[in-house]
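# Survey of secondary and tertiary structure
Chain residues, written in single-letter form:
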Amino acid sequence: MSSDEKPTEKPTAPRSLAEALRSRDDASLAALLRSRPDLITPVPTDLTQLATRAGTRASVVRALERLDRFAVQTAQALAVAPDPATYDDLLGLLAGDDRDPTVTAALPRTLRLLREQALVWGPDDRLRLVRTARELLSPSPQHPSPTGLGPTAQEATAGMSPVRIQELIATVGLPSTHDSVSAVAALTALFTDRARMNDLLAEAPAESLEVLDRLVWGPPYGQVTADPAPRLRWLLDRGLLLPTAPGTVVLPREVALHLRAGRAHRTPEPTPPPVTTAATHSPQVVDATAAGQSYTALATVEELLKDWDEGGPTVLRAGGLSVRDLKRTAVALDVAEPVAAFWVELAYAAGLLASDGDADERYAATPAYDEWLQLPAAERWARLAEAWLTATRTAGVVGGRDAKDRTLSALGPGLDRSAAPEVRHRVLSLLADLPQGAAPAPDSVQARLRWERPPRGTDDLRARLAEWTLNEAELLGVTGRGALSAHGRALLGAPPAVKPDDAPPEGPGDKLPFHHRPTTPHHPVLTPQEQATATAAAARLLAPLLPEPLDHVLLQADLTAVAPGPLRRPLADVLDVLADVESKGGATVYRFTPASVRRALDAGRSASDLHAFLAAHSRTPVPQPLAYLIDDVARRHGHLRVGAASAYVRCDDDAVLNEILADKRSSGLRLRRLAPTVLAAGTDPAALLEGLRAMGFAPAAESAEGDVLITRAHAHRTPPRTPPEPVPEGPPTPDDTLLTAAIRAIRAGDLASTAPRKPAADARPVGGELPRTGSAETLATMQAAVLTGQALWIGYVNAEGAASQRVIAPVRVEGGFVTAYDHTADEVRTYPLHRITGVAELADDEG
């Protein structure tokens, strides 16, 4: 090296998390804010505030909860490593003395993730876990570490007398020292020396080694009596067990690590468990099965809302359906109650069902239901599937208890689970990773999810959400025979499936194909625009698989009609009024009865209309019994007229009225003759109509003008309602525009807060305080800076009272305002002088 060449200076290690963040580029800061969106709400003023916020307990706990199992194990290992630790220290704790190659290969990626999350900072020779995370993960008697490790020898001997410490090192053959600190250091050096520890343990009695074996993987604490047994005394005399409290001993961390061959965890899990295949079906069979179930889903939702068209169950005072109404709905749909709750919640999430808001509040279809009915079948299914995929309301918790021990009701409050959309998307993504037509083993899906997001506590909500997702996807037709269908794959926005013969073998590093491989703890969930595109693609794939609606039925002599497939909307609507559904399945059987024919006549159709309708839509001749039934009911329909007196009955044939009065079943109607052709009743018109029909007559209601009232079905609708909004899980992930603006503001604020300033006699800010100067000096300094072009550091309080510090270059001072180029905002701004708290000049090297 020549004399004029200077040696390259090694970059100094950051002394704090704030300094580590300050050394990052914008892309790295954007990755941090994207993966931990709580840090950007509100936008920090500078990098020091960002680092402080990243170290708060709530934020660290949220970040730890979103780590995969190996990342958590890595953080736990750093919590029991020296502070700071080297990369080799961390690798030894995770890979052990034998340096497990799988762990060795996975650690760099995981450490990079922890650095990106700002949970770990510093170079490889000085790795530091953020203080809050270390406090949360470090072992203590009150909060044992998941590693099963106890305190270090130094921590365990903190309260031990110097005489006792000297006795310990003498027993293990170490020379005595002049102080306890060096004695504990010598004992620690012995425990971390593999060769000397092997020699020491070779002298141990077999019974003593059994005691160590019971404590080595945790918990590391044990109980002893005042007079320990010889096997315990041998360990206590050599410091292999150390007392922590009267009657309690602990296995020092260094001893446990030696017995574990250096591992912090019994079973490191560096790679995710694979999702195994339980069965493989033909892709055509899967798609056909899923399409059939999709059609059934549409029919079920239509049947539910048709049943509630004229006003469904009443709304409970606390909101939701009563248990009795849910049971009735389950019986009407011929499904189990949990399945009925799913269909009800799905219709609600899709905006097809809501409460009407009346005084006697009931559930009913919304106007959006009528619009939905007019869509093609595939688009109707896509609307339902998208609503299910993105909804946070979870039907699976119906029937459970909330925090106040109240029963959770369908359509009631308390059903939102923020993690539901992410779990549904992730479960279906795992199915999309399998070869086409492969159905996963549910246990392997659960194991994979537990690795990706280890459960916290005993209530594993994500596991239950995953189980419900698999069941609901099959009910809805997203999957068929357990395998993801082609339209289900499109609903996720996933690429085309891999054929089984073309599927590459899975390796340790190839567990998360294509876009499902997470680069942050947030698994990808589509934006609303992307989801709309994916939903449209799913509808296009499903459309050819659904049966074409038919425009005909097969009339039979036993007063039934068979629909061999789905019917077109006008035909289905008329037939639903004219006949009752007797059975469902591949073909729907309708039965014609006097009551059903009268229902059609009440809706305003005449007998000739019904004959023409059946003749036009039947592939078989209209049977004579059905024609006779229609004519017979039509002949008697409207022969009696019911109106409001309280109520009255009028008929041109007084013999019919005599027959009614003579019938004992009419006694409850409290009838009396007003005229030869008129009877008055003591009941309301509706009850009178039902009573006469129960007696076998076919009365018709009439208006005050004497005209026949036509009753039409499907009349009750709620006012326009919007679907329930999903409840987000924490702050939303910021978009690129917000990230760019936030990083720009943070950088500018950091420049303002870290710029060196000239000391002034009356402007000496302490720490993060704003500069304070008098108004006269502030004005004079501003005017001088205009002439010299010098940049200044100011304190500023805006109209809302929020204080900030800024670096500005004044351009003009007049009328009580200063116009300046604001380096913090990177634009020219105007500030009222009375809102500037003070001013200070920047140091010469920053001027």
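Summarised in this report is the structure supplied together with it. Remember, it's a predicted structure, so these values are computed and weren't measured experimentally. (Residues numbered from 1 in each chain as written. Predicted model: local features only at pLDDT ≥ 70, side-chain atom pairs only at ≥ 80, totals over all residues. Heavy atoms only, no water.)

Along the backbone of the chain there are 33 helices and 25 strands. Relative to a compact globule of 847 residues, whose C-alpha radius of gyration would be 29 Å, the chain shows 39 Å and is clearly more extended. Across the 847 residues that make up the chain, the buried fraction comes to 47%. Contacts in the chain between residues at least 24 apart in sequence constitute 66% of all its contacts with a sequence separation of at least 6. A total of about 40,500 Å² of accessible surface is found on the chain, and carbon and sulfur atoms cover 54% of it. Both charge centroids of the chain, one from 89 positive and one from 106 negative side chains, sit 2 Å from each other. (Helix = DSSP H or I, 4+ residues; strand = E, 2+ residues; numbered from the N terminus. Rg over C-alpha atoms; globule rule 2.2 N^0.38 Å. Buried < 20%, exposed > 50% of the residue type's maximum accessible area, 1.4 Å probe, protein only. Contact = heavy atoms within 4.5 Å. Areas by Shrake-Rupley, 256 points an atom, 1.4 Å probe, with all protein chains shown as cover. Lys, Arg positive; Asp, Glu negative; His and termini not counted. Charge placed at Lys NZ, Arg CZ, Asp CG, Glu CD.)

Attention now goes to the packing of helix α11 (residues 180-191) against helix α12 (residues 194-202). Remark: α11 packs on α12, axes separated minimally by 6 Å, with the N-to-C direction vectors making an angle of 85°. One way to sum up the angle between α11 and α12 is to call them roughly perpendicular. Counting all contacts with α11, which are made through A189, L190 and F191, the residues of α12 involved are R196, M197 and L200. (Axes fitted to C-alpha atoms, helices over the stretch in contact; angles between N-to-C directions. Parallel < 35°, antiparallel > 145°, perpendicular 65-115°, else oblique.)

With that settled, consider the nonpolar core. If you look at the biggest cluster of nonpolar residues, it comprises 90 residues, and the most contacted ones within it are L240 and L241. Among the elements that line this core, the one with the most residues is helix α5 (residues 69-80), at 8 residues. With residues near it in sequence (within four places) discarded, L241 still touches V211, L215, L232, L235, L236, V249, V250, L251 and P252. If you look at the next biggest cluster of nonpolar residues, it comprises 73 residues, including A350, W388, V398 and A466. (Core = buried A, V, L, I, M, F, W, Y, C linked by side-chain atoms within 4.5 Å.)

A word on unusual backbone geometry. Following T41, the chain continues into P42 via a peptide bond in cis, with omega recorded as -5°. Here P42 shows up in the loop between α2 (26-35) and α3 (47-54). The phi angle at L411 is positive, at roughly 65°, despite the residue not being glycine. Topologically, L411 is positioned in the loop between α20 (377-390) and α21 (420-433). Positioned with a positive phi, R481 is a non-glycine residue whose angle comes to about 55°. Position of R481 relative to the elements: it lies in the loop between β10 (479-480) and β11 (483-484).

Before going further, it helps to spend a moment on helix α29 (residues 624-636). The end-to-end C-alpha distance of α29, which contains 13 residues, comes to 19 Å, matching closely the 18 Å that a straight helix rising 1.5 Å per residue would cover. Those residues of α29 not exposed but buried are L626, A627, L629, I630 and V633. Looking down the long axis of α29, one finds its buried residues gathered within 160° of arc, a one-sided arrangement. Of the exposed residues in α29, the ones pointing more than 90 degrees away from its buried face are Q624, Y628 and R635. Backbone geometry just after α29 places G638 at a positive phi near 85°. (Expected span 1.5 Å × (residues − 1). Arc of directions from axis to C-beta.)

Attention now goes to the side chain of T300. Position of T300 relative to the elements: it lies in helix α16 (residues 283-307). The class for T300 is buried, based on a relative accessible area of 12%. Not counting the four nearest positions on each side in its chain, T300 is found in contact with L333 and W343.

Time to look at the pairing of strand β23 (residues 817-822). As judged from the 6 bridges shared by strand β22 (residues 803-814) and β23, these two strands associate in the antiparallel manner. Counted as the bridge partner of A809 is Y821 from β23. What sits between the antiparallel neighbours β22 and β23 is a turn of 2 residues, in which G815 has the positive phi angle 60°. As paired elements, β23 and strand β24 (residues 827-832) share 6 bridges and run antiparallel to each other. (Pairing = 2+ DSSP bridges.)

What follows deals with the pattern of salt bridges. One pass over the full model with this rule turns up 36 salt bridges. Its salt-bridge partner being R34, residue D736 comes within 3.3 Å of it at the nearest N-O pair. In this pair, D736 sits in helix α32 (residues 736-754) while R34 sits in helix α2, placing the two residues 702 residues apart along the sequence. Close ionic contact of R650 with E702 constitutes a salt bridge, the shortest N to O distance being 2.9 Å. You can see R650 sitting in strand β17 (residues 647-650) and its partner E702 sitting in the loop between β20 (700-701) and α32, a full 52 residues away along the chain. In this structure E702 comes out as buried when scored by relative accessible area, which is 7%. Ionic contacts of the salt-bridge type, sharing partners, join the residues R164, E167, R233 and D237 into one network. (Salt bridge = Lys/Arg side-chain N within 4 Å of Asp/Glu carboxyl O.)

Structurally, A290 is set in helix α16. The class of A290 is buried, set by a relative accessible area of 0%. For the pair formed by A290 and E474, sequence separation is 184 residues and the distance between their alpha carbons is 7.4 Å. Not counting the four nearest positions on each side in its chain, A290 is found in contact with G477, T479, G480, S485 and H487.

By themselves, these observations are geometric and do not establish any function.
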